[in-house]
Amino acid sequence: MLNLVLFGPPGAGKGTQSAHLVSHYQLIHLSTGDLLRSEIAAGTKLGLEAKHLMDQGLLVPDEVVIGMIRSKLETNPDAKGFIFDGFPRTIPQAEALDNLLSDVGTSIKAMLALEVNEEELIKRLLNRGKDSGRSDDQDVEIIRKRINEYNAKTAPVAAHYNAQEKFRSILGIGSIDDIFDALRKAID
Ligand code: B4P
């Protein structure tokens, strides 16, 4: 199985590049951000609790996102592989993912990290906020909070996969096609 983690700060291009990777490698796309937004749209209790945290730029609790990923892995036993987009975002999430995959006899092949500077991230997210209306993309202070959460809790996840010799850094600035080519070279 080809299991990839697409990594990077908010606005690095994870969702954008996932769409290309999914169609090229026929993987199942698992985005915890998208799963949480579906819960919000459906008005579930989990969605209401998640929205409260997401609108403040905070991460939702580990057990919530780990539970969502566990259930998606269970419902796709015949997948060729998965692309994990926006997950794992903390060390406990990374440990849980390694265990879930090991239980079904597989593992992460690579973590691909998109590197983008803070100024460009803020510009992209404010732009997306105008087009999409996403409530967590409207305010520069909330966006900075998300970047701070990333630096404090998510960036250390890179070391977890580096220790397993699976970490690859990719420049996330440039055209979407050029970045996709760099990702493809790293995978192949
Ligand atoms: P996510 O949905 O994962 O959102 P994100 O990190 O903001 O976006 P992403 O990185 O996918 O955006 P993209 O670059 O594609 O998370 C939202 C929230 O959900 C989190 O803050 C958290 O609260 C919660 N959450 C999610 N997962 C969680 C977890 N595991 N644990 C706890 N909480 C969790 O796109 C950004 C913009 O850039 C787009 O407009 C795009 O068009 C543009 N863009 C992309 N590539 C570009 C390029 N090369 N040049 C110019 N623009 C580009």
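Everything discussed here concerns the structure shown above.
This is a predicted model, so every value here is computed, not measured.

K.L.:
Mind showing me how you'd approach the nonpolar core here?
P.N.:
Across soluble globular proteins, you tend to see nonpolar side chains buried next to one another. One finds Phe-7, Ile-69, Leu-73, Phe-84 and Leu-97 to be the most contacted residues of the largest nonpolar core, which totals 29 residues. Elements that contribute at least two residues to this core include exactly β1 (4-7), α2 (32-42), α3 (45-54), α4 (62-75), β3 (82-85), α5 (91-103), β4 (110-115) and α8 (157-162). Formed by 23 residues, the second largest nonpolar core is a distinct cluster that contains Leu-27, Val-116, Phe-180 and Ala-186.

K.L.:
How should the packing of aromatic side chains be read in this particular structure?
P.N.:
The description of an aromatic ring pair rests on the distance of the ring centres and on the angle between the ring planes. Applying the stated rule across the entire model yields three aromatic pairs. When the centroid spacing of 5.9 Å and the interplanar angle of 35° are considered together, the rings of Phe-82 and Phe-84 count as tilted. Measuring from ring centre to ring centre gives 6.5 Å for Phe-84 and Phe-87, while their planes differ by 45°; the resulting arrangement is tilted. The same class applies to Phe-84 as to Phe-87, namely buried. Connected via pairs of aromatic rings, a cluster forms that spans Phe-82, Phe-84 and Phe-87.

K.L.:
What should I look at first to understand the packing of α4 against α5 in this one?
P.N.:
Each pair of packed helices gets described by two things: the angle between the helix axes and the distance between those axes. Relative to each other, α4 and α5 sit at 20°, their axes nearing to 10 Å. Viewed along their axes, α4 and α5 adopt a mutual orientation that is roughly parallel. In this structure, the crossing between α4 and α5 has a hand that is right-handed. Residue-level contacts link Asp-62, Val-65, Ile-66, Ile-69, Arg-70 and Leu-73 of α4 to Pro-92, Gln-93, Ala-96, Leu-97, Leu-100 and Leu-101 of α5. In terms of residue class, the contact of α4 with α5 is made up of nine nonpolar, one polar and two charged.

K.L.:
How should I be thinking about empty space enclosed by the protein in this particular structure?
P.N.:
Rolled over the atoms, a probe sized like a water molecule indicates the empty space that remains. Summed over all chains, the structure comprises one cavity of 30 Å³ or more. Within this model, the largest cavity holds a volume of roughly 50 Å³. In terms of lining residues, the largest cavity is bounded by Leu-6, Phe-7, Gly-8, Lys-14, Gly-86, Phe-87, Pro-88, Arg-89, Tyr-150 and Thr-154. Every element with two or more residues in the lining of the largest cavity is listed here: β1 and α7 (140-154).

K.L.:
I tried to follow the sheet that holds β1 on my own but got confused; where do I start?
P.N.:
What links the strands of a sheet is backbone hydrogen bonding, and the strands pair in either a parallel or an antiparallel sense. Taking strand neighbours across the sheet as the criterion, the five strands line up as β2-β3-β1-β4-β5 in an open arrangement whose pairing is parallel. Because the sheet does not close on itself, it has two edges, and the strands there are β2 (28-31) and β5 (167-171). Within this sheet the neighbouring strands show an average axis-to-axis angle of 20°, counted without direction. Along the sheet face, α2 touches β2 and β3 and points at about 70° away from the line of β2.

K.L.:
Help me out: how do you make sense of the side chain of Lys-14 in this one?
P.N.:
Following the sequence through the fold, Lys-14 ends up in helix α1 (residues 14-25). Buried charge Lys-14 goes without a salt bridge, the closest partner of opposite sign being Asp-85 at 5.3 Å. Beyond its immediate chain neighbours, meaning those up to four positions away, Lys-14 contacts Leu-6, Phe-7, Gly-8, Pro-9, Asp-85, Gly-86, Arg-89 and Leu-114.

About the thresholds
- Residues numbered from 1 in each chain as written.
- Predicted model: local features only at pLDDT ≥ 70, side-chain atom pairs only at ≥ 80, totals over all residues.
- Heavy atoms only, no water.
- Core = buried A, V, L, I, M, F, W, Y, C linked by side-chain atoms within 4.5 Å.
- Buried < 20%, exposed > 50% of the residue type's maximum accessible area, 1.4 Å probe, protein only.
- Helix = DSSP H or I, 4+ residues; strand = E, 2+ residues; numbered from the N terminus.
- Phe/Tyr/Trp six-rings, centres within 6.5 Å; stacked < 30°, edge-to-face > 60°.
- Axes fitted to C-alpha atoms, helices over the stretch in contact; angles between N-to-C directions.
- Parallel < 35°, antiparallel > 145°, perpendicular 65-115°, else oblique.
- Left-handed = near helix turned anticlockwise from the far one by under 90°.
- Contact = heavy atoms within 4.5 Å.
- Nonpolar A, V, L, I, M, F, W, Y, C, P; charged D, E, K, R; others polar.
- 1 Å grid on protein atoms, 1.4 Å probe; cavity = no way out; pocket = protein on both sides within 12 Å on 5 of 7 lines; lining within 4 Å.
- Points joined across faces, edges and corners; volume = space filled by probe spheres on them.
- Pairing = 2+ DSSP bridges.
- Lys, Arg positive; Asp, Glu negative; His and termini not counted.
- Salt bridge = Lys/Arg side-chain N within 4 Å of Asp/Glu carboxyl O.

That's the geometry; what it means functionally is another story.
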